[in-house]
Amino acid sequence: EGVRVVGGCSGAIWSLRGAELIAALPTGKPTLYGSLIRRGLSTEGVPDIAASEGFVVGEVTKKSILISCPHENVSTKFLAPYTTFCRIHQKSITCLDISSGGGLGVSTSTDGTMKIWQAANGEIRRLLEGHVYDVNCCRFFPSGLVVLSGGMDAQLKIWSAEDASCVVTFKGHKGGILDTAIVDRGRNVLSCSRDGTARLWDCGKSACLGVIADCGSPVNGIAVGTADSSLNLGTPEKAPSEREVGTEGKILLLAREDKKLQGVGLQSRQPVFLFVGSDAFNCCTFLSSTYILAGTQDGNIYQLDVRNT
């Protein structure tokens, strides 16, 4: 109750808010809308739930509801949050991530802090201090032992999750860093900024390996993924640095403030596509090597095929 949950099973994107049920189907099919009604409660405390026409309620427990749409052969399970941590931050949470093993969380807040905490009980383990002004983004490296962060001070930092020390600071952006991405296991990382650029960094030598894109407009979000094999990513103008690891065959998505979503060959630095949306793009992600999602300021979510946007 009072919680919005989103699931993404079997090719559809589902959401549940209050009793309103929405299933956004794969490309080309209309979105389905329905509702859920609670008819009562069993003696064990499990709700008796019915769905409107076109949807079927499967297994219901105190913590989950399985809903399917037989006509489209899609289904998803909605899970209730099992705990809430209210003591980690005092103000709005701007970004968070969970380590690959699921044991640790890291989060940033408008209270000016960045903290690492136990995912099981919310116990604060480390306070990461060193950025000037707000920290905008944070994420764990695949190892789960190291954290990458970017702030309004235009600095990108790498932290040890074990002792909270700042291991590396990258400088080069001329404006606040708005998002980051990690290439493969993390020998290289990416950042984007209000200065309109996306940059590739070498963690081992704490150096900038190059500007991947210069958009002339703030880049609000980025994502890196393996490109579909049929996509032409272009050829680098000069041989890539030996310090570049895992950039071949990758495409970088740029969610731009000037209403454009751009795809760039990570190794080639060559543009792959440019899609114009209805408003500023705030965020983007990969569904697969073919399909991407991006969200705009006016509330639209675009699902695009990178081969033909």
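Residues numbered from 1 in each chain as written. Predicted model: local features only at pLDDT ≥ 70, side-chain atom pairs only at ≥ 80, totals over all residues. Heavy atoms only, no water.

Caption draft 1: Spatial organisation of the nonpolar core. Within the largest apolar cluster, 25 residues are counted, with the highest numbers of intra-cluster contacts made by V106, L128, F170 and V189. For this core, the secondary-structure elements that each account for two or more residues are strand 10 (104–109), strand 11 (114–118), strand 13 (135–140), strand 14 (146–151), strand 15 (155–160), strand 16 (166–171) and strand 17 (177–183). Those residues in contact with L128, other than ones at most four positions away along the chain, are V106, M114, I116, V147, W159, S160 and A164. Counting 18 residues, the second-largest nonpolar core is a separate cluster that includes A223, L261, F275 and L304. (Core = buried A, V, L, I, M, F, W, Y, C linked by side-chain atoms within 4.5 Å. Buried < 20%, exposed > 50% of the residue type's maximum accessible area, 1.4 Å probe, protein only. Helix = DSSP H or I, 4+ residues; strand = E, 2+ residues; numbered from the N terminus. Contact = heavy atoms within 4.5 Å.)

Caption draft 2: Spatial organisation of the side chain of S99. By secondary structure assignment, the location of S99 is in the loop between strand 9 (93–98) and strand 10. Relative accessible area serves as the criterion here: at 9%, S99 is assigned to the buried category. Other than its neighbours up to four places away in sequence, S99 contacts L104, F140 and G144.

Caption draft 3: How the structure looks around the pairing of strand 15. Within strand 15, 6 of the 6 residues are buried, which leaves it mostly tucked inside the rest of the structure. Here strand 14 pairs with strand 15 via 5 bridges, running antiparallel. Bridged to S149 within strand 15 is K157. Two successive antiparallel strands, strand 14 and strand 15, enclose a turn made up of 3 residues, where A154 displays a positive phi of approximately 65°. Two strands pair when backbone bridges link them, and strand 15 and strand 16 are joined in this way by 5 bridges, in the antiparallel orientation. In the strand pairing of strand 16, W159 is matched with C166. Adjacent in sequence and paired antiparallel, strand 15 and strand 16 are bridged by 5 residues, among which A164 carries a positive phi angle near 65°. (Pairing = 2+ DSSP bridges.)

Caption draft 4: Spotlight on the packing of aromatic side chains. With the rule as written, the count across this model stands at 5 aromatic pairs. Ring centres of F85 and W117 lie 5.9 Å apart, and the angle between their planes is 65°; on these two criteria the pair is classed as edge-to-face. Highlighted residues: F85 in the loop between strand 8 (74–79) and strand 9 and W117 in strand 11, separated in sequence by 32 residues. Between F275 and F281 the ring centres are 6.4 Å apart and the planes differ by 65°, which places this aromatic pair in the edge-to-face class. Put simply, the rings of F275, F281 and Y302 touch in pairs and so form one group of aromatic residues. (Phe/Tyr/Trp six-rings, centres within 6.5 Å; stacked < 30°, edge-to-face > 60°.)

Caption draft 5: Expanded view of the UniProt feature "repeat: WD" (unreviewed entry) in the chain. Under the present numbering, the feature "repeat: WD" (unreviewed entry) in UniProt falls on residues 86–127, 128–169 and 170–202. The straight-line gap between the two end C-alpha atoms of residues 86–127 is 16 Å; of that span, 0% is helix and 50% is strand. Annotated as 0% helix and 52% strand, the span residues 128–169 places its first and last C-alpha atoms 13 Å apart. (UniProt positions renumbered as here; feature names shortened; annotations may be inferred.)

Caption draft 6: A look at the sheet that holds strand 8. Across the sheet, which stays open at both edges, the 3 strands sit in the order 6-7-8 with antiparallel pairing between neighbours. Of all the strands in the sheet, the pair left with one neighbour each is strand 6 (56–60) and strand 8. Looking at each pair of strands side by side, their axes are set apart by 20° on average, direction ignored. The pairing of strand 7 (residues 64–69) with strand 8 spans 6 bridges and is antiparallel. Bridge pairing in strand 8 links S64 to L79. (Axes fitted to C-alpha atoms, helices over the stretch in contact; angles between N-to-C directions.)

Caption draft 7: Representation of a nonpolar patch on the surface within the structure. Residues I13, L287 and Y291 make up a contiguous nonpolar surface patch of about 240 Å² in total accessible area. Of note, Y291 is situated in strand 26 (residues 291–296). For Y291, a relative accessible area of 31% translates into the label partly exposed. (Patch = residues over 30% accessible without salt bridge, like charges linked within 9 Å, V, L, I, M, F, W, Y side chains within 5 Å. Areas by Shrake-Rupley, 256 points an atom, 1.4 Å probe, with all protein chains shown as cover. Salt bridge = Lys/Arg side-chain N within 4 Å of Asp/Glu carboxyl O.)

Caption draft 8: Local environment of the pairing of strand 12 (residues 124–127). Here strand 11 runs beside strand 12; their pairing, made up of 3 bridges, is antiparallel. Residue pairing in the sheet places I116 in a bridge with R126 of strand 12. Joining the antiparallel neighbours strand 11 and strand 12 is a turn of 5 residues, in which G122 adopts a positive phi near 75°.

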